[in-house]
Each structure stands twice: as structure tokens, then as C-alpha cells.
Amino acid sequence: MQSIDQKTYLEVFEQKLHSLRKLVQDLRRGLPNRTSDQFIQGLNLIIDAVELFLHQRVDNLKAALAGNPLELAEQIAFHSKVALRILGALHEEYLPLLHAESQRNEYLVYPSIDRAVRLFTESFELTLVPDFEYNYAFVGKENFASREIELLEAHSDQGTKSALAALRGKTALKQWITFLHFPVADRDSALNLCVLAHELAHLVDEATKIYQKLLPIELDKSSFDELVDARCNTPAYGGITASTSGPQLTFEKIFTKPGVEARCYLSCNEVLERWIREIIADILAIHAIGPASYFAFNDFFAYMGAENIPSSSHPAPAFRLQLMLDELKDTMGYMSSSSAIDSVLTEAMPRVAAGANAAKYKDEANVVQKTIEKNPGKNADNFLAKIRPVISGYSFKASAYGQQVPDVLRRLRSGIAPIEVLDSSGAMSPASVVAILNAGWELYKTDIDGFYGEFRGDVPKMERLANLNHLLFKAIEASEVARRWK
Amino acid sequence: MSADQSMPVSESLTSAAVLSKETLLRRLKEDLIVSPILEPSQIGDGSVDISLGTRFIRSRRAKATEINFRELDKEKIRSFQESVVVPFGEHYILHSRSFVLGCTFEFIALPLDVCGFVLADRPMAEQGFLSQLRRLSTRVGGAA
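Within every chain, residues take consecutive numbers counted from 1 along the sequence as written. Going through the entries in the order they are written, you letter the chains from A and number the ligands from 1. For this predicted model, a pLDDT threshold of at least 70 governs which residues receive local features, and a threshold of 80 or more governs which side-chain atom pairs are given and counted, while totals over whole chains, interfaces and linings are taken from all residues. Each side-chain value is worked out from all heavy atoms of the structure, with water and hydrogens disregarded.

**Some thoughts on the overall build of chain B**
Secondary structure elements follow DSSP: runs of H or I no shorter than four residues count as helices, runs of E no shorter than two count as strands, and numbering proceeds from the N terminus. Scanning chain B from N- to C-terminus turns up four helices and nine strands. The N-to-C order of helical and strand elements in chain B reads β-α-α-β-β-β-β-α-β-β-β-β-α. A 1.4 Å probe rolled over the protein chains alone gives each residue an accessible area, and that area as a share of the maximum for its type sets the label: buried under 20%, exposed over 50%, partly exposed in between. By residue count, 30% of the 144 residues in chain B fall in the buried class. Residues count as neighbours in contact if any of their non-hydrogen atoms are within 4.5 Å of one another. Contacts spanning at least 24 positions in sequence make up 62% of the contacts within chain B whose residues lie at least 6 apart. Areas reported here follow the Shrake-Rupley algorithm with a probe of radius 1.4 Å; residue values treat only the protein chains shown as occluding. Summing over all exposed atoms, chain B offers an accessible surface of approximately 10000 Å²; the carbon and sulfur share of this is 54%.

**A few points about the overall build of chain A**
Within chain A one finds 21 helices and five strands. Residues counted as buried form 49% of the 486 residues belonging to chain A. Just so you have it, chain A exposes about 22800 Å², and 53% of that area is on carbon and sulfur atoms. With 52 positive and 62 negative side-chain charges, chain A shows a separation of 2 Å between the mean positions of the two kinds. The sign given to each residue is positive for Lys and Arg and negative for Asp and Glu; His and the chain ends receive no count. Here the site of a charge means atom NZ of a Lys, CZ of an Arg, CG of an Asp or CD of a Glu.

**Regarding the domain arrangement of chain A**
Residue and element names in this part refer to chain A. The assigned domain composition of chain A is domain 1 (6-187), domain 2 (213-394) and domain 3 (398-485). Computed from C-alpha atoms alone, the centre-to-centre distance between domain 2 and domain 3 is 35 Å. Contacts between the two partners involve 15 residues from domain 2 and, on the opposite side, 10 residues from domain 3. As a working definition, buried area equals the accessible area (1.4 Å probe) given up by two parts on being put together, with both sides summed. Interface of domain 2 and domain 3: buried area, both sides summed, is about 1000 Å²; carbon and sulfur atoms make up 69% of it. Put simply, a salt bridge is a Lys or Arg side-chain nitrogen that is within 4 Å of an Asp or Glu carboxyl oxygen. Across the contact surface, domain 2 and domain 3 share one salt bridge. What marks off one domain from the next here is an automatic or database domain assignment.

**Description of the sheet that holds strand β3 (residues 176-183) of chain A**
All names here are of chain A. Strands qualify as paired when DSSP identifies two bridges or more between them. Judged by pairing direction, the sheet is mixed, and its three strands sit side by side in the order β1-β3-β2 without closing on themselves. At either end of the open sheet lies a strand with only one pairing partner, and these are β1 (124-131) and β2 (137-142). Here the strands of the sheet are splayed against their neighbours by 20° on average, with no regard to which way each runs. Where β2 meets β3, six bridges bridge the pair, whose relative direction is antiparallel. If you follow Lys141 over to β3, its bridge partner there is Ile177. Geometry is summarised by axes, namely lines fitted to C-alpha atoms with helices restricted to the contacting stretch, and by angles between N-to-C directions that run from 0 to 180 degrees.

**Side note on the packing of helix α2 (residues 37-64) of chain A against helix α7 (residues 158-170) of chain A**
Think of two packed helices as two axes; the pair is described by the angle between the axes and how far apart they sit. All names here are of chain A. The interhelical angle for the contact between α2 and α7, taken along N-to-C directions, is 160°, at an axis separation of 10 Å. With respect to α7, the axis of α2 lies roughly antiparallel. When you trace α2 past α7, the crossing you get is right-handed. Residues Leu45, Asp48, Ala49, Leu52, Phe53, Gln56, Arg57 and Asn60 of α2 form the contact with α7, whose participating residues are Gly159, Thr160, Ala163, Leu164 and Leu167. Any residue that is not Ala, Val, Leu, Ile, Met, Phe, Trp, Tyr, Cys, Pro, Asp, Glu, Lys or Arg is counted as polar, Gly included; the first ten are nonpolar and the last four charged. Taken together, the residues of the contact of α2 with α7 sort by class into seven nonpolar, four polar and two charged. An angle counts as roughly parallel when it lies under 35 degrees, as roughly antiparallel when it exceeds 145, as roughly perpendicular when it falls between 65 and 115, and as oblique in every other case. Should the near helix be turned anticlockwise from the far one by less than a right angle, the crossing is left-handed, and should it be turned clockwise, the crossing is right-handed.

**Quick look at the packing of helix α10 (residues 221-232) of chain A against helix α12 (residues 257-289) of chain A**
All names here are of chain A. At a minimum axis separation of 9 Å, α10 and α12 run at an interaxial angle of 125°. Compared by their axis directions, α10 and α12 come out oblique. The interaxial crossing formed by α10 with α12 has right-handed handedness. Residues Phe224, Leu227, Val228, Asp229, Arg231 and Cys232 of α10 touch α12, and the partners they reach there are Lys257, Val260, Glu261, Cys264, Tyr265 and Cys268. For the contact of α10 with α12, the class distribution of residues is eight nonpolar, no polar and four charged.

**Describing the sheet that holds strand β5 (residues 52-59) of chain B**
Residues and elements named next belong to chain B. Taken together, three strands build an open sheet; the order of strands is β6-β5-β7 and the sheet is antiparallel. Pairing within the sheet leaves two strands with one partner each, and these edge strands are β6 (81-85) and β7 (100-104). On average, adjacent strands in this sheet sit at an angle of 25° to one another, irrespective of strand direction. Bridge count for β5 against β6 is five bridges, and the pairing is antiparallel. Bridge pairing in β6 places Arg55 opposite Val85.

**Let's talk about the nonpolar core**
Residues and elements named next belong to chain A. Ranked by size, the top nonpolar core spans 82 residues in total, and within it Tyr294, Leu325, Leu328, Leu345 and Leu468 carry the most contacts. For this core, the element with the highest residue contribution is helix α21 (residues 461-485), accounting for 10 residues. Not counting residues up to four positions away in its chain, the partners in contact with Leu325 are Tyr294, Met335, Leu345, Ala348, Met349 and Val352. Only buried residues count toward a nonpolar core. Its members are Ala, Val, Leu, Ile, Met, Phe, Trp, Tyr and Cys residues joined through side-chain atoms within 4.5 Å. Counting residues in hydrophobic clusters, the runner-up holds 41 residues, among them Phe39, Ala77, Tyr94 and Ala145.

**Details of the environment of Ser222 of chain A**
Tracing the sequence through the fold places Ser222 of chain A in helix α10. A relative accessible area of 46% places Ser222 of chain A in the partly exposed class.

**A closer look at helix α14 (residues 317-330) of chain A**
Residue and element names in this part refer to chain A. Here the expected length of a helix is defined as 1.5 Å per residue gap, with one fewer gap than residues. Along its 14 residues, α14 runs 20 Å from first to last C-alpha, staying within 8% of the 20 Å computed at 1.5 Å per residue. Of all 14 residues that make up α14, 10 are buried, and the element is covered over most of its length. By the burial criterion, the buried members of α14 are Pro317, Ala318, Phe319, Arg320, Leu321, Leu323, Met324, Leu325, Glu327 and Leu328. Those residues of α14 hidden inside the fold are in contact with α8 (196-208), α12, α13 (291-304), α15 (340-358), α16 (363-374) and α17 (383-391).

**Description of the packing of aromatic side chains**
All names here are of chain A. Geometry of aromatic contacts follows a simple scheme: Phe, Tyr and Trp rings, the Trp one being its six-membered ring, pair when their centres are within 6.5 Å, and the pair is stacked under 30 degrees between planes, edge-to-face over 60, tilted otherwise. Here the structure, examined in full by the defined rule, presents 20 aromatic pairs over all chains. Relative to Tyr444, the ring of Trp441 has its centre 5.5 Å away and its plane inclined at 75°; by these criteria the two rings are edge-to-face. Separated by three residues within a single helix, Trp441 and Tyr444 lie in helix α19 (residues 433-446), roughly one turn from each other. Classification of Trp441 by relative accessible area gives buried; the value is 0%. Three or more aromatic residues joined by ring pairs make a cluster, and in this case those are Tyr134, Tyr136, Phe297, Phe300, Phe301 and Tyr303. Think of it as a cone above the ring: NZ of Lys or CZ of Arg counts as a charge over the ring if it is within 6 Å of the ring centre and within 35 degrees of the ring normal. In this structure, Arg263 is placed above the aromatic ring of Phe255, and the distance from its NZ or CZ to the ring centre is 3.9 Å. Over the ring of Tyr211 we find Arg277, and its NZ or CZ is 3.5 Å from the ring centre.

**Topic: the side chain of Asn469 of chain A**
Relative to the helices and strands, Asn469 of chain A is located in helix α21. Overall, the relative accessible area of 5% leaves Asn469 of chain A in the buried class.

**Focus: the pairing of β3 of chain A**
All names here are of chain A. Extensive coverage of β3 is indicated by the burial of eight of its eight residues. Side-chain alternation along β3 places Trp176, Thr178, Leu180 and Phe182 on one buried face and Ile177, Phe179, His181 and Pro183 on a second face that is also buried. Relative to β3, β1 runs parallel, the two sharing eight bridges. Paired with Asp131 across the bridge in β3 is Pro183.

Dropping the structure here:
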């Protein structure tokens, strides 16, 4: 029984198609020039493909079922529903990204981010997406429109397939269409936005496939066996044990031990891959922007009120902070002097180590943690050693910090946007973005009261901090312009 | 721009002099901040050419039916203003009979013995361009 007139579906499809195209157009008008161009082109291409798919199908059906109007109506309705669901998914999944993009920070940090990513890959488009969920995230779509259209092709007849393939070949889009989500509450904080370096590192990892060089890793045997035993003896609830009498049904009885082992192996490796990717991004980010990345994460975890426990997607916060500090100390040369920044980092070491030791692990997390702890020892073949070469040319080591940050910090401390600094030849040259961010964090962590003391009048504390962030944003924007101009 | 480094500030004000190009170049490396300088030609005798920044504040007329100047405070002013960002190198089109607040692209901070004016060049001034220095509540400099 059909409660909806079959002809309605095709009509509704036309309406939805029209409104979707109009929405994309309207959202595009609200964006700065050249923003999300490739993404919008891809969206339009997918919408065209859905239209082409349905129209071709309808034409074919009309030819094939001319003598059977009832079957024809039913088939058209069926295919219209498929197309409507695809349009619905586009509406739900992609348009909010475009809408959010129009809300991004007014300072133009994008050019600096773009330049950083170009060191690793050229074929990408990056869109910054302010989000109301307090989280930073990276979403990368490789061959975005092509993949979606190929899905349609897989469900098409020969004629439609070639028409879709021709449409797909009409526009060459960048290989990576990527979105960096950040909390809208952080849009005016250059200090907090340093977490974006970690998300950008995910893009670098995706583009250069570092994670593939690290995986597979052999799971820690003893903790894995413990997990398998525990799972085998786990009572199977959830409707499976309807009977109250008789022996308790366990996973082993249902799936057999090899079956349970196979499931545990899969789930552990899923968690392991996610954690490894997070660690790769953490290590790349700490090399790329130095202590600023550690400080930003420290505050981010605090802001989130994050418990020191791992999840299926991320290692425990304290363990991640410890890895960052260890990398700063052992590989990048920090914490070897009595400078203000080294003192702050050195002071953090025991606290973070205690947090990392206190983190509780169970089930898959326990196996993965043990597997990782076994690997990042001091031997040169560990997986951290495979990550470092990717970033070694751009690592912001302690020596670079010592050369670049003090001049920038001096200006910042006096309330001056550190756009340019005197270089070794005695000329003014643009300050590096990494030095600007680190100077901001050093000031914040070591002498923020001194900075607040520069203000006259009754300016609230948070307004003073906002001023520091304004100075940092201004310096990032203007130094980037100066760099490109020269 | 004028200054006399050898005298206390109060005395130097009475014997002020326009900074030569040479002095400007030297002071820009020391304590006078006009940054960034994109082209050397921006610096002349007694002047530094500066440009409009990327941020503008414009009024949303549809948000205010009337303005009562006696009751006007910061919050009320902001309620009918909006911020616009124009990426560097792109255009902001200011239509006739409209008003927009802009700021300089350069960050400006002057040492105590230097004073200066932000002036519109003649063609812009003839079109009604006004410039005004904004005093901030901090030592943080900047022209608005």
C-alpha cells in the first residue's frame, strides 16, 4: 500500500534540487572570494550527477515500461526516493560546512595555514569551519566529487554510467578537499587556535601516508591474551540470554575462542590505528610549532574538562602531553637551559609524567597502550623515528626558538604587534608565524601580569588577554602579507 | 613626524623638528613602529605612506530607526554596526552617501619624543576621507 502518490516523488525531487542549488549559490555569495571554490564546484558536480542519474533512469524506464504504467510509476518513485535521499544527505552533511565557514575569524590566518600545508602537498583546498561543539577536528575527502559520482555509476545502466563518467571528467578538482573544525568560542584566540597545527598534521599524514609506514604493529601478546580470555568469559546479554535457568551463555560459547580472538584482533587494531594517527599528528605538530603546541593542548584539555582517560579514538590526554614533552626534551633540545620557557616546560615534566602513569586502561585501550609503550623506547627503529624525517626540515628546535622568539617577545611585551623584527643583516624582515605564536605563549605562561600591567584604566582582565590575542592575529596577518610582498 | 632626542619631552615639544628620511629610517629600526613597510618608497622626508587595513566597521542602517545621541553608548553603537573583512589586495566599495570606519594596515607605535598625524592625501581628502587617531586604553599603539 502506498500512502503517497507515486508522482509526488519526482515533483518533490525537482523542488529539492532547485532549492539545494539556490542554497549553495546563496551560501557562496556570503563567503569571501575564492573561499571553498573547489568544494562548491564539487558539490554542484554531485548535484548535477544526481539530476543526470535520475533523468536518465526515468527516460530508460519510460522506454522499457511503456506498456505497464503502474510498474513505471512505482519504478520512477523508487529511483526518485534514492535521488532524494542523496540530496538530503548533501543538505545535511555539506551545507552546514559552507554556512559555518562564513562565521570564521575576521583576522586572516588562512594564508599562513595555506603556506604551511603547501610545504607537504599542493593539491588541496582547506576550509576552516567554526563549530559549536567544543572540539577540534580534521575531515579530509580525497577525490571528493569523483568518489560520490562513482557510487552512482555503480548503480547505473551502461548509458547512464558513461554520461556520469563524462560529467566526472569535466571538472578536475584538487585531490584533497579538507575541513578544519574548531570551536567557535576559540575564534578570537590565537593562543588556543594553535591546536589547529595538530589538525593540519592529520592532513599531512593523510597526504604523505605516514601511518601506512607505521602499521601494522604487532599487538602486545600478554595483554591481548588477557583481553581474549576476559571476552571469552563475558556473559552474553542483550536478549541472547532469555532463559534464566541453565548455564550462563558467554561470548566463547556463541562465537568460539578463535571467533572471539578474531573480533578482539580487529577491534584492537582499529583503536591502534586511530591512536597511532593521533600520535603522528601530535609529533608533527610539536615539531612544526614547538612548545606552543604543547601549551595549547594543555589548555585545550583543561577547557574541555577532559578526564585523563583514553577513548577509542584518542590516547589518554596525559600520555599525549608526556609524548610531546619528551619530544621537546629528547629530540628538539628544549629543557636544557635555565631560560623562562625551559623552566616552565621542566616544571611540567613530573606533573605530566605522574598523570600519564595514573591513567587507567582497560580492554582494547589496555592492549593498545601496552603495544605503544613497548614501541617508543630508545631504539632507533621505533615508530617515532619514522615520523620525524617527514618534519625534520621544519622542526622548531630549541636553537630556532632561542634565535627567533626573544625579539618577537620583546615587542609583544611592550604591547607592539610583532610583525617585523630586525634580521641578522640589520634590515626589518617579517617575523615567523611560529615565533609569534611561541612568543604569545611564553608571555602568557611566564609574564602575563606584566603585560596586563601595561594597561591604563579599568580594563577587565579578559579584555587585556583579548588584546594580546589581537596583537598576535595582527602580527600573523601582516607578517604574512609582508612575506608574500617581498 | 617630529622629534628631538637630546632634550626632555617637554622641552623638545617647543623645539620640534620634522624627521628627515634618514632619521626615519634609523628610528624605524630602533623605537618607532610603523610596521610592516612593504616598499622602501613608503618612507619620505617627514612622512611615511600608510595604507588602509583589511577590517572595516559599517553601519547597518536597517537596525536603527533613530539615534538619540544623549542615550548613545558603546553597546548601542555596536548594535547597529557590523564588522567586514576584506582580504589584502581586494576591494572595498564605498558607495556615495555611506560611511565606513577603517583602520590602517600598519601597526603604529610612537616613542615619547615623537608625535605624528595620520592625514589623507589630497585626492582622498577631497572625497571626504577623514582620519583620526584613536587613543587606546593601553600602551598598545595603532591608528584608527
